[in-house]
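Chains, contacts and geometry: an overview
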Amino acid sequence: MPVPVQSNSAPQAIGAYSQGMVHDGLLYLSGQIPLDPSTGQMVEGDIALQIRRVLDNLQAVCAAAGGRLQDAIKLQVYLTDLGHFAQVNQAMEAEFAPPYPARAVVQVSALPRGAQVEIDGIVALIKAG
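Calculation rules
- Residues numbered from 1 in each chain as written.
- Predicted model: local features only at pLDDT ≥ 70, side-chain atom pairs only at ≥ 80, totals over all residues.
- Heavy atoms only, no water.
- Helix = DSSP H or I, 4+ residues; strand = E, 2+ residues; numbered from the N terminus.
- Rg over C-alpha atoms; globule rule 2.2 N^0.38 Å.
- Buried < 20%, exposed > 50% of the residue type's maximum accessible area, 1.4 Å probe, protein only.
- Contact = heavy atoms within 4.5 Å.
- Areas by Shrake-Rupley, 256 points an atom, 1.4 Å probe, with all protein chains shown as cover.
- Lys, Arg positive; Asp, Glu negative; His and termini not counted.
- Charge placed at Lys NZ, Arg CZ, Asp CG, Glu CD.
- Salt bridge = Lys/Arg side-chain N within 4 Å of Asp/Glu carboxyl O.
- Polar contact = N/O pair within 3.5 Å; in protein donor to acceptor, adjacent residues only side chain to side chain.
- Arc of directions from axis to C-beta.

Overview of the overall build of the protein chain
Along the backbone of the protein chain there are two helices and six strands. If you list the helices and strands of the protein chain from N to C, you get β-β-β-α-β-α-β-β. Relative to a compact globule of 129 residues, whose C-alpha radius of gyration would be 14 Å, the protein chain shows 14 Å and is just as compact. Counting every position in the protein chain, which comprises 129 residues, the buried fraction comes to 40%. For the protein chain, restricting intrachain contacts to residue pairs at least 6 apart in sequence, the fraction spanning at least 24 positions comes to 67%. Surface accessibility of the protein chain: about 6,700 Å² in total, with carbon and sulfur atoms responsible for 55%. Between the averaged position of the 7 positive side-chain charges in the protein chain and that of its 11 negative side-chain charges there is a distance of 4 Å.

The following block contains the structure:
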């Protein structure tokens, strides 16, 4: 049976969904946008700061599930401007070590609350081998 994950160190859900769900040793992360969990407001600043906030939010949900974002298997990145692709790569290189998680980056017309970036993914909670 899937188990919901809740972290007070990540923004509260702004809809009918859980921050994450654990099932069979995998954590399914709902999309996170650059909301500051302490204020509920969007992070001000350039796209690099916004991506950093999103990764921090995802890490908080991972920690609540007993995992680490660095054990991500697959990430989906949604951008309102693919011109920010290089900043996504820089953030991923800073956050992860090879082998990097599988990833998709797509441009979308809009994201919740006017965000420029959203990331969701799947994280392994049980190490193979």
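Now, onward.
With respect to the pattern of salt bridges
As enumerated under the stated definition, the model contains three salt bridges in all. One salt bridge in this structure joins arginine 52 and aspartate 56, with 2.8 Å as the shortest N-O distance. Of this pair, arginine 52 and aspartate 56 both sit in helix H1 (residues 47-64), four residues apart, which is roughly one turn of that helix. Between arginine 68 and aspartate 71 there is a salt bridge, with the nearest N and O atoms lying 3.2 Å from each other. Given the relative accessible area of 41%, arginine 68 is considered partly exposed.

Quick notes on the side chain of serine 7
Along the polypeptide, serine 7 turns up in the loop between strand E1 (3-5) and strand E2 (20-23). Here the side chain of serine 7 touches serine 9 through a polar contact of 3.0 Å, landing on its backbone nitrogen. Each residue touching serine 7, except ones within four places of it in the same chain, is listed here: Gln12, Gln19, Ala60, Val61 and Ala64.

Re helix H2 (residues 85-95)
Buried within H2 are the following residues: Val88, Ala91, Met92 and Glu95. Down the axis, H2 shows its buried residues gathered within 100 degrees of arc, on one side only. H2 presents Gln90, Glu93 and Ala94 as exposed residues on the side facing more than 90 degrees away from its buried surface. The elements touched by buried residues of H2 are H1, strand E4 (72-79), strand E5 (102-107) and strand E6 (117-124).

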